[in-house]
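Each chain is listed here by its residues.
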Amino acid sequence: MARTLRWAAALALAGAALLGGCKREEMTPEPARTGTPAAPIEVTLQLFGDPAEVGGYRQLIAAFEAKNPDVKVRLVPIGKQKDHMAKLTTAFSGGTPPDLFLLNYRRFGQFAAKGVLEPLGPRLEKSTILKERDLYPQAVEAFRHGGALQCIPQNVSSLVVYWNRGLFQRLGVPPPRPDWTWDDFRKTAQALTRDEDGDGRMDIHGLAFEPTLSRLAPFIWQAGGEVVDDVKDPHHLELLNTPSLEALRFVLRLQRVFKVTPTLEEAKSENHEARFAAGRLGMLLNSRRLVPTLRDVPGLDWDVAPLPRHHKTATVLHSDAYCMSRASRAKDAAFRFVEFALGPVGAELVARGGRTVPSLRSVAEGPAFLDSNQRPASARVFLDSLLSIRRLPNVAVWNEVETRADVIVEEWFYTVPPHGTRLTEADSTEVKSGQEAGGSMRRLLRQGDEVNALGQELTEAVQGILDSAPKREAP
Amino acid sequence: MKAGASHGREAMLFLAAPFLVAAALLVGLPALLALGLAFTEYDALSAPRFVGAAHFLRLWDDPLFWTALGNSLLFAALAVPLRLALALGLALLLHKGGRLARSAVFLPTVVPDIAYALLWLWLLNPLYGPLALGLKAVGVADSGWLLTPWGARGALVALTVFQLGEVFVVLLAARRELPEELYELCELEGGGALTVFRRVTLPLMAPTLALLAARDVVVSLQTTFVPALVITQGGPRYATTFLPLYIYQNGFEYLRLGYASAMTWVMFLVTAAMVAAQLWVLRGWRASREA
């Protein structure tokens, strides 16, 4: 009996220890005892980025803490955006979300729709350091939900062309012009693509970009098309109309006919950034986030250029914002950090690191961002792009739409039909839309054309997701 | 005698108690919670909302779920026999010696899953990986097959086949426990190696093999998660989207935790059915031998 009791006691202790280990961390700092200095308030900040990017945020935090000794910012850096999102979800689910976190506008809807974000608009209105009118409206608009500003954007980046100046010069290819067209773009990429050792495999590629829906979007807009029917309340994709098909055809011909982009094998063997840094890629489409990494590559001479235009000029918005958890118990301290990070001092510090196109106009148009001694020399391209910048939807299901779509876009981009491609060098603008093909949309879908296959498959894959979107709240 | 037996049972219960408590808290309770969540719409951000059997009905119409389930079953069908056959062969080969070789067989099992997956990511690099370079050296220049659905599936099966250390150790121990007199008797009667294997080794090791097969089916349905996430990201075109990965994507990328819970329970039931089927076959086999 005594032994039974001993076992029971041991088990009870083990159980208590186990349950104790699961107890939530206390988020509120203990009140200071009389006569002792107050313990700093801890603010957790979760974000994702590569080591160069994270290094910039560490500098920002150090500068903030030096001026605000009563606040301690604990950085939770995550390597990849997907892992950042998964950790955020589990943290919210477990009741321990970070006080602050950076979110891309294409992924913030699922949090905003559930009311777990502390709307920062009212705090911004009361701020004496930061005013909404000081920020670029293109980025601010992307973080509204139900008419209210939920998060405050830290950057207003866009898709641009990174080009290797050294490689252009070595191969005698003229640099990109500010008003270049699709044809100029394609010819430049062709001129850069070389098989230098004659082994049948290209040693230098003219162009590379991730085949994703967000990368295709600016081409679709440049052709006069649309990605969705309504960016604020999307009900279906618009990839089977004439302008969209023209854009998709142009992109596909770059890969299949002109062969200026790496093949699937090559893309899976070495990522585009590494290829560009190694000097074996002439042009790379990316947002501002690549800058700190490229600045660290010794001997690489590079710059940025705007995306080419077609019927229109267009690029796609890339913007992340500081969001605050509604459950945060350190909201005032957290907002002080946001004010500092996005205000003149913090924004300038981050701008000098190269990571962002600051959302604060005065810093973006000042020497910290446009520093001629720092690459890219043509940093103004990012600001000029704002005139033609457009955004993708920010609704709750958009993250899932893109995740599902990107698998299909990649497959479409790299997989040549078994009978070979029917695209040719000559058919640069010839497009057969549903109407021009002389039949219904159903007939068009049956045709199995390699260009419109993308629109068909994407519609099939994501329509259910778009249909399941919660009804949008009236602003 | 009765008092002794009762005392033994009590001692066993005490010894097992920590594991039973841990299993109840860490497996049983979450499983029950997951079952509850399977009947709700839950996104981890707001309170669960009861939706009845809607998720289970939705599974029926979700082509990706069927693809993932099919991929998982195909993986188990390929990997389990391969792992068992290879482990058995190695155990029979190395049961009398070869400490270095035994260590080499066991070594991949102790490598952490993420490190092991990253290592294979490098090995399978279509252009610069050792496998591609080796193939190129022997005249197979096209390593694009690694990016095909069957190439990717085959690569993941190969990857897990090398992590057979635990199965190998159990089979090694089982083989060493077999009475040598039986083998000597067979040898005296002129039985060849194949006859000895078929008439002596296999029947005596069958219970161990059956147990390992059941365990390996359970493991195979779950171990695909890390390599599929790290190496293939479920591609090409969902060819390596296994159930655990699809559950993870739904739960933690799309915030459909109720739906993911429903899938988890389906996976649990499929696993249980497969193990039950194996045990049923084994029981039938033993009954036929005893008859």
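Predicted model only: the values in this text are computed from it and were never measured.

Rules used in this analysis
- Residues numbered from 1 in each chain as written.
- Chains lettered and ligands numbered in written order.
- Predicted model: local features only at pLDDT ≥ 70, side-chain atom pairs only at ≥ 80, totals over all residues.
- Helix = DSSP H or I, 4+ residues; strand = E, 2+ residues; numbered from the N terminus.
- Buried ≥ 20, exposed ≤ 12 C-beta atoms within 10 Å, placed from the backbone.
- Contact = placed C-beta atoms within 7 Å.
- Pairing = 2+ DSSP bridges.
- Axes fitted to C-alpha atoms, helices over the stretch in contact; angles between N-to-C directions.
- Parallel < 35°, antiparallel > 145°, perpendicular 65-115°, else oblique.
- Left-handed = near helix turned anticlockwise from the far one by under 90°.
- Expected span 1.5 Å × (residues − 1).
- Bend = angle between axes of the 7 residues up to and from the residue.
- Domains from an automatic or database assignment.
- Nonpolar A, V, L, I, M, F, W, Y, C, P; charged D, E, K, R; others polar.
- Core = buried A, V, L, I, M, F, W, Y, C linked by C-beta atoms within 7 Å.

Here's the deal with the overall build of chain A
If you tally the helices and strands in chain A, you get 21 helices and 14 strands. Burial status across chain A gives 45% buried among its 475 residues. Counted over contacts in chain A with a minimum sequence separation of 6, partners at least 24 positions apart contribute 76%.

What about the overall build of chain B?
For chain B, the count of helices and strands is 13 helices and 2 strands. Projected onto its principal axes, the C-alpha coordinates of chain B cover approximately 70 × 70 × 35 Å. Burial status across chain B gives 31% buried among its 291 residues.

Some points on the interface of chain B and chain A
Counting from both sides, the interface comprises 22 residues of chain B and, opposite them, 25 residues of chain A. Those elements giving two or more residues to the side of chain B that touches chain A turn out to be helix 1 (2-37) and helix 12 (243-253) of chain B. Looking at which element gives the most residues to the side of chain B that touches chain A, the answer is helix 1 of chain B, with 5 residues.

With respect to the sheet that holds strand 14 (residues 389-390) of chain A
In a beta sheet, neighbouring strands pair by backbone hydrogen bonds and run either parallel or antiparallel. Residues and elements named next belong to chain A. In space, the 3 strands of this open sheet follow the order 7-12-14, with mixed pairing throughout. The sheet is open, and its two edges are formed by strand 7 (157-158) and strand 14, each paired on a single side. The pairing of strand 12 (residues 315-318) with strand 14 spans 2 bridges and is parallel. Residue pairing for strand 14: Thr315 is matched across the bridge by Ile389.

Overview of the packing of helix 5 (residues 113-123) of chain B against helix 11 (residues 225-232) of chain B
Residue and element names in this part refer to chain B. Contact pair helix 5 / helix 11: the axes reach a minimum separation of 9 Å and the direction vectors enclose 40°. One way to sum up the angle between helix 5 and helix 11 is to call them oblique. Considering how the two elements wind past one another, helix 5 and helix 11 form a crossing that is right-handed. For the pair helix 5 and helix 11, contact is made by Asp113, Ile114, Ala117, Leu118, Trp120 and Leu121 and by Val226, Pro227, Val230 and Ile231, respectively.

With respect to unusual backbone geometry
Here the bond from Arg375 of chain A into Pro376 of chain A is cis, since omega is 0°, no more than 30 degrees from zero. Along the polypeptide, Pro376 of chain A turns up in the loop between helix 17 (367-370) and helix 18 (380-384). The omega angle of the peptide bond from Gly235 of chain B to Pro236 of chain B is -5°, so this bond is cis rather than trans. In this fold, Pro236 of chain B is placed in the loop between helix 11 and helix 12. Residue Gln233 of chain B is not a glycine yet carries a positive backbone phi of 50°. Position of Gln233 of chain B among the secondary structure elements: in the loop between helix 11 and helix 12. Gln233 of chain B gets classed as partly exposed once you count the C-beta atoms within 10 Å, which come to 14.

Points about helix 21 (residues 452-467) of chain A
Residue and element names in this part refer to chain A. With 16 residues, helix 21 extends 22 Å between its outermost C-alpha atoms, agreeing within 8% with the 22 Å of an ideal straight helix rising 1.5 Å per residue. Maximum bend of helix 21: about 35°, positioned at Ala461. Here helix 21 has its buried residues at Asn452, Leu454, Gly455, Leu458, Val462 and Leu466.

Observations concerning the environment of Lys312 of chain A
Residues and elements named next belong to chain A. Along the polypeptide, Lys312 turns up in the loop between strand 11 (302-305) and strand 12. Each C-alpha atom of the pair Lys312 and Val73 lies 44 Å from the other, and the pair is 239 residues apart in sequence. Discounting chain neighbours no more than four positions away, the residues touching Lys312 are Trp221, Gln222 and Gly224.

Remarks on the domain arrangement of chain A
Reports often express the size of an interface as the amount of accessible area lost when the parts come together. All names here are of chain A. When the domains of chain A are assigned, the result is domain 1 (41-156 + 319-382) and domain 2 (160-317 + 394-467). Look at where the C-alpha atoms of domain 1 and domain 2 centre, and you get two points 30 Å apart. On the side of domain 2, 21 residues touch domain 1, which itself brings 26 residues to the contact. No other element matches helix 4 (residues 105-112), which puts 6 residues into the side of domain 1 that touches domain 2. Along the lines of polarity and charge, the residues of the side of domain 1 that touches domain 2 split into 10 nonpolar, 10 polar and 6 charged.

Quick look at helix 11 of chain B
Residue and element names in this part refer to chain B. Looking at helix 11, one finds that the buried residues are Pro227, Ala228, Leu229, Ile231 and Thr232. In the core, the buried residues of helix 11 are packed alongside helix 5, helix 7 (149-161) and helix 12. Within two residues after helix 11, Gln233 carries a phi angle of roughly 50°, on the positive side.

Remarks on the nonpolar core
Residues Val43, Cys151, Tyr162, Ala321, Cys323 and Phe337 of chain A are the most contacted members of the largest nonpolar core, which totals 185 residues. It is helix 3 (residues 63-94) of chain B that provides the largest number of residues to this core, a total of 11 residues. The residues that make up this core include at least three from each of domain 1 (41-156 + 319-382) and domain 2 (160-317 + 394-467) of chain A. In this structure Phe337 of chain A touches Val43, Phe64, Val71, Val73 and Leu100 of chain A, once residues within four positions along its chain are discounted.

Observations regarding the environment of Tyr254 of chain B
Examined against the element boundaries, Tyr254 of chain B turns out to sit in the loop between helix 12 and helix 13 (257-290). Through-space distance from the C-alpha of Tyr254 of chain B to that of Arg199 of chain B is 54 Å; in sequence the pair is 55 residues apart. Setting aside anything within four residues of it in sequence, one finds Tyr254 of chain B in contact with Glu400 of chain A together with Gln249 of chain B.

Side note on the packing of helix 12 of chain B against helix 13 of chain B
Residue and element names in this part refer to chain B. For the pair helix 12 and helix 13, interaxial distance at closest approach is 8 Å and the crossing angle is 160°. The angle between the axes of helix 12 and helix 13 places the two elements in the roughly antiparallel class. Judged by the sense of rotation from one axis to the other, the crossing of helix 12 with helix 13 is left-handed. Judged by residue contacts, Leu243, Tyr246, Ile247, Asn250 and Gly251 of helix 12 engage Leu257, Tyr259, Ala260, Met263, Thr264 and Met267 from helix 13. A breakdown of the residues in the contact of helix 12 with helix 13 according to their chemical character gives 8 nonpolar, 3 polar and no charged.

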